[in-house]
Amino acid sequence: MKKLLFISLFACGTLINAQKNVYESSKFDDLSKDHHVLAIIPFFTHLSLEENITKEESKKLEKKEGYAVQDALETYFGLGKKKKKFTVDFQNIKNTNAILAQNNITYHNIDTYTIKELCEILEVDAIISGNLDINILISKGIPVEFSFMDYILGDANYGRIGIKISDGKTGKLLWKYENEINKKSGRNTADLIDKMMKRLVRKFPYDKERLRINKNPKSD
């Protein structure tokens, strides 16, 4: 019974914490009313591994992790019934990456382009981007072994992830979510993204259910 109560309290605390970490612009509805297609670009990654590796190796691994998140997000947004939950479509990442390459935009120089420039090049209405600050290779899997001492000593923390949406016409930040990555976050990149998005529970701005509730606040 105590174990069940602990799990319930933990889940509740995780949900509340997830919602606290969400930022949404007061102008979101106005700026996003004509949004139809969004592009997901590779995430910017900062890797701090304990192993001694060269800068070149680190850059390659950072690139791999950044593309892994891009792929995981596309999978989440386009997977089965989830796809019908959103008010917008998401550009195929193969097309996104191909168009970027055709315009000589690489993982290592994409940050020199503005959101407005990227949206014009990709012909989309907004950009989904983000940051990873990690000390393990998430794509290879997060250790699942768990103990209470891990949390006390801080050994369960593997970094942070931030995801944001920016408007193509103005370049303004519309929405942002940040969260810690730990042993409970997921087995790998795909699992991490799936759990993270589920925890947002109607906080993702293009969710149809969220839109329905906002229009009919008394219906719940």
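Residues numbered from 1 in each chain as written. Predicted model: local features only at pLDDT ≥ 70, side-chain atom pairs only at ≥ 80, totals over all residues. Heavy atoms only, no water.

(A) Main features of the environment of Lys83. Looking at where Lys83 falls in the secondary structure, it is placed in the loop between helix H3 (55-78) and strand S4 (89-90). On the basis of relative accessibility, which here comes to 51%, the residue Lys83 falls in the exposed class. Along the chain, Lys83 and Asp207 lie 124 residues apart, while their C-alpha atoms are 10.0 Å from each other. (Helix = DSSP H or I, 4+ residues; strand = E, 2+ residues; numbered from the N terminus. Buried < 20%, exposed > 50% of the residue type's maximum accessible area, 1.4 Å probe, protein only.)

(B) Just the nonpolar core, in detail. Grouped together as the largest cluster of nonpolar side chains are 39 residues, with contacts concentrated most on Leu73, Phe77, Ile128, Ile181, Ile193, Met197 and Tyr206. Listing elements by their share of this core, those giving two or more residues are helix H2 (28-32), strand S2 (37-40), H3, strand S5 (126-134), strand S6 (157-167), strand S7 (173-182) and helix H7 (189-200). Among the nonpolar cores identified, the runner-up in size contains 11 residues, and Ile115, Leu118, Cys119 and Val124 belong to it. (Core = buried A, V, L, I, M, F, W, Y, C linked by side-chain atoms within 4.5 Å.)

(C) Just the pattern of salt bridges, in detail. Tallying each qualifying case throughout the model produces seven salt bridges. Between Lys33 and Asp30 there is a salt bridge; the shortest N-O distance is 3.7 Å. Lys33 gets classed as exposed once you look at its relative accessible area, which sits at 58%. Since its relative accessible area comes to 49%, Asp30 is described here as partly exposed. Asp194 is paired through a salt bridge with Lys198; the nearest N and O atoms lie 3.0 Å apart. Taken together, the residues span about one helical turn, with Asp194 and Lys198 both in helix H7 at a distance of four residues. Overall, Lys198 belongs to the partly exposed group, its relative accessible area being 47%. In this structure, a network of salt bridges that share partners links the residues Arg187, Asp191 and Lys195. (Salt bridge = Lys/Arg side-chain N within 4 Å of Asp/Glu carboxyl O.)

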